[in-house]
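What the coordinates show
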Amino acid sequence: MRTDPELPFFFGADSGLFGMYHAPASTPRRAVLMCPPLGQELIRTHRLYRQLAQALAAQGIAVLRFDYHGTGDSAGDSAEVDWQRCIGDAVTAAGELRSRAGVDRIVAFGARLGGSIALGAADRARFAEVIAWDPVIDGDDYVSALDTMQAALREDADRFNQPRTHADVAEQWLGFDIGDSLRKQIAALKVTPANVPTLVLDSMPAGAAPRWEPLVSTRGRVAAIAPPTPWNDLRRLEAAILSHPLIQAVTGRMAEDA
Amino acid sequence: MREEAFRFGRARHLVGIAGVPEGAFGETGVIVLNAGMVHRIGPFRLHVELTRQLNAAGYPTLRFDLSTLGDSGASGGGLTRTQQVCADVDDAMKLLAERAGCQRFVLVGLCSGAQNAHTVAASDPRVSGAVFLDGYAYRTLGYKLRHYLPRVLDPARWTRFLRQRAGGGGTDKPAPEPVFSVAPAPREEVIADFTGMVGRGMKLYLVYSGGISYAFNHARQFRECFGKVMDHPGVTTSYRSETDHTYILTGDRARLVDGIGGWLARNFPPAAGRQA
């Protein structure tokens, strides 16, 4: 049977989750689960996630990228995205990765809310470590930022010939329907430290970085990445986020463990 | 109905998601091409919403990444980008023919996706329909009159202009950064292509948004740009001045998807529709 180094497939209870498995050339001894962020950030980081997965696979590491229910290529509508289900999907994906790679030790990586999901799933998914890139640790701030950008979008003259009505932009965040329950779940989000080593990669713009210390106070550290990542710039909403320093930081961390 | 993920193509370099409804064997297949650099799910997941709604209406679909975009790799070989696009879509048609028995296809593309769909549609007889979203556009005399005349006749603009001039400078507003752009093809060539497409029985649906107001600003511009071929019964046009280029608002996106579904149902009714 032919083995492709990158295999797209569906998995999970109803085969509703989309995954892309990156198989290294030789039998892997380590594995990384890549938890995507949500909304437009998932699309903006798609290429970077692929580049990182390929770089890790070249280090002999098995990698699984995947989409939560209601996101990407997975089953479900955008309005159905649910925080607890995202965490459950990450747990399911970790099990799938263990099974495919034949490896028990899994490090989780996630950007923004993907990092928060990785931290939230760490116990159930039995992650050995979490690498979180600019994770969202205070959901209330994140909701405020999205609401502010969505309000500005309504009268964005670079996008619309005429300002749109409030009804036109309601119940959405930057291109995606948002269910009321997810909004409440994210607003109430207070990410607590995971009971595993945690590396926070910080590329937040100056003055915007939250206090990471509580996340890493027991077993972990913070590493800065430059330049800052423009997560909340409406003018660059559709520009891909690429970061060679991020790839170097993650592959470097995994090389320390080799 | 369950979607299937595929790695396919002559070098197994392409990645795509096929949706084949039960009983849809032999129906017209719908293939959705990348919009700019966005991977196959489309801007704000447009392509996922579109293909699933078309699946529910009975159409087999494939959304996939062209070579070097999204999750697809390079095929190797020294093809030009145009040859590569044609070869990739050929691979996509073969996959959908194998999975769903499709012999004819409708291509859907936004912006550079429209350009790529146009390239294939102009030369491949298996393509029987195409949806071009913000495809080729040209600033016609009518465009310039509609664009500049209101500005020239607006006293407020003159007041602002004179005040700025007296103040010795303009504003420092940064130029907007275009995310997607379509390289122009010669207009006569595009008209000849459209004429050839409808001449061999193809159905075309041209949808333009207010997001390309730098090049297109009125429904009349279809005729101004492309001439009498726009009057052909095989051509349907729609100008959605209120929307942006990538349909960021979910209501706009739903109306676009409904519009494409309605156009398909009228021009390529699935078997269930024919029996009804």
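The shown structure was predicted, so the numbers you read here are calculated from the model rather than taken from an experiment.

1. Some points on the packing of aromatic side chains
Following the criterion strictly, the structure yields 16 aromatic pairs over all chains and no others. Taken together, a centroid distance of 5.0 Å and an interplanar angle of 65° make the contact between A:W133 and A:W231 edge-to-face. Residue A:W133 is found in strand β6 (residues 129–133), and its partner A:W231 is found in the loop between β10 (220–224) and α9 (244–256); the two are separated by 98 residues along the sequence. You'll find A:W133 and A:W231 in the same group, each marked buried. Among the aromatic residues, those joined into a cluster by ring pairs are B:F132, B:Y138, B:F194 and B:F226. Here A:R100 stacks its cationic end above the ring of A:F9, 3.6 Å away from the centre of that ring.

2. Some remarks on the UniProt feature "domain: Serine aminopeptidase S33" (unreviewed entry) in chain A
Here, UniProt's "domain: Serine aminopeptidase S33" (unreviewed entry) annotation points to residues 46–146 of chain A. Helix makes up 52% of residues 46–146 of chain A and strand 17%. Its end C-alpha atoms lie 20 Å apart.

3. A look at the packing of helix α3 (residues 83–101) of chain A against helix α4 (residues 113–125) of chain A
The description of two helices packed together rests on the angle between their axes and the distance between the axes. All names here are of chain A. Contact pair α3 / α4: the axes reach a minimum separation of 9 Å and the direction vectors enclose 65°. Like other packed secondary-structure pairs, α3 and α4 cross with a definite hand, here right-handed. Contacts between α3 and α4 involve W83, C86, I87, G88, A90, V91, A94 and R98 on the former and, on the latter, L113, S116, I117, G120, A121, R124 and A125. Class assignment for the residues of the contact of α3 with α4 results in 10 nonpolar, three polar and two charged.

4. Notes on the pattern of salt bridges
Once the charged atoms of two side chains with opposite charge are near each other, the side chains can pair. Tallying each qualifying case throughout the model produces 41 salt bridges over all chains. A salt bridge links A:R98 to A:D104, with the shortest nitrogen-to-oxygen separation between them at 3.2 Å. One continuous salt-bridge network, built from bridges that share partners, spans A:E6, A:R50, A:R65, A:D73, B:E3, B:R7, B:R40, B:R52, B:R63, B:D65 and B:D71.

5. Regarding a negative patch on the surface
Negative charge collects at one region of the surface, where A:D77, A:E80, A:E171 and A:D177 lie side by side. Residue position: A:D77 is located in the loop between β4 (61–66) and α3.

6. Some words on empty space enclosed by the protein
If you roll a probe as big as a water molecule over the atoms, it shows you where there is empty space left. Residue and element names in this part refer to chain A. Considering all chains together, one arrives at three cavities of 30 Å³ or more under this definition. Approximately 340 Å³ is the volume attributed to the largest cavity. Lining the largest cavity are 29 residues; nearest its centre among them are L38, G39, Q40, W173 and F176. Of all elements in the fold, only α1 (40–44), α5 (139–154), β8 (176–177) and α7 (180–187) reach the threshold of two or more residues within the lining of the largest cavity. By residue number, the principal contributor to the lining of the largest cavity is α1, which donates five residues. As for the second largest cavity, its lining consists of 14 residues, and the residues nearest its centre are P36, H46, R65, F66 and D67. Taken together, the elements giving at least two residues each to the lining of the second largest cavity come down to β2 (17–22), α2 (46–58) and β4. Partitioning the lining of the second largest cavity into residue classes produces seven nonpolar, three polar and four charged.

Reading the values: the criteria
Residues numbered from 1 in each chain as written. Chains lettered and ligands numbered in written order. Predicted model: local features only at pLDDT ≥ 70, side-chain atom pairs only at ≥ 80, totals over all residues. Heavy atoms only, no water. Phe/Tyr/Trp six-rings, centres within 6.5 Å; stacked < 30°, edge-to-face > 60°. Helix = DSSP H or I, 4+ residues; strand = E, 2+ residues; numbered from the N terminus. Buried < 20%, exposed > 50% of the residue type's maximum accessible area, 1.4 Å probe, protein only. Lys NZ or Arg CZ within 6 Å of the ring centre and 35° of its normal. UniProt positions renumbered as here; feature names shortened; annotations may be inferred. Axes fitted to C-alpha atoms, helices over the stretch in contact; angles between N-to-C directions. Left-handed = near helix turned anticlockwise from the far one by under 90°. Contact = heavy atoms within 4.5 Å. Nonpolar A, V, L, I, M, F, W, Y, C, P; charged D, E, K, R; others polar. Salt bridge = Lys/Arg side-chain N within 4 Å of Asp/Glu carboxyl O. Patch = residues over 30% accessible without salt bridge, like charges linked within 9 Å, V, L, I, M, F, W, Y side chains within 5 Å. Areas by Shrake-Rupley, 256 points an atom, 1.4 Å probe, with all protein chains shown as cover. Lys, Arg positive; Asp, Glu negative; His and termini not counted. Charge placed at Lys NZ, Arg CZ, Asp CG, Glu CD. 1 Å grid on protein atoms, 1.4 Å probe; cavity = no way out; pocket = protein on both sides within 12 Å on 5 of 7 lines; lining within 4 Å. Points joined across faces, edges and corners; volume = space filled by probe spheres on them.

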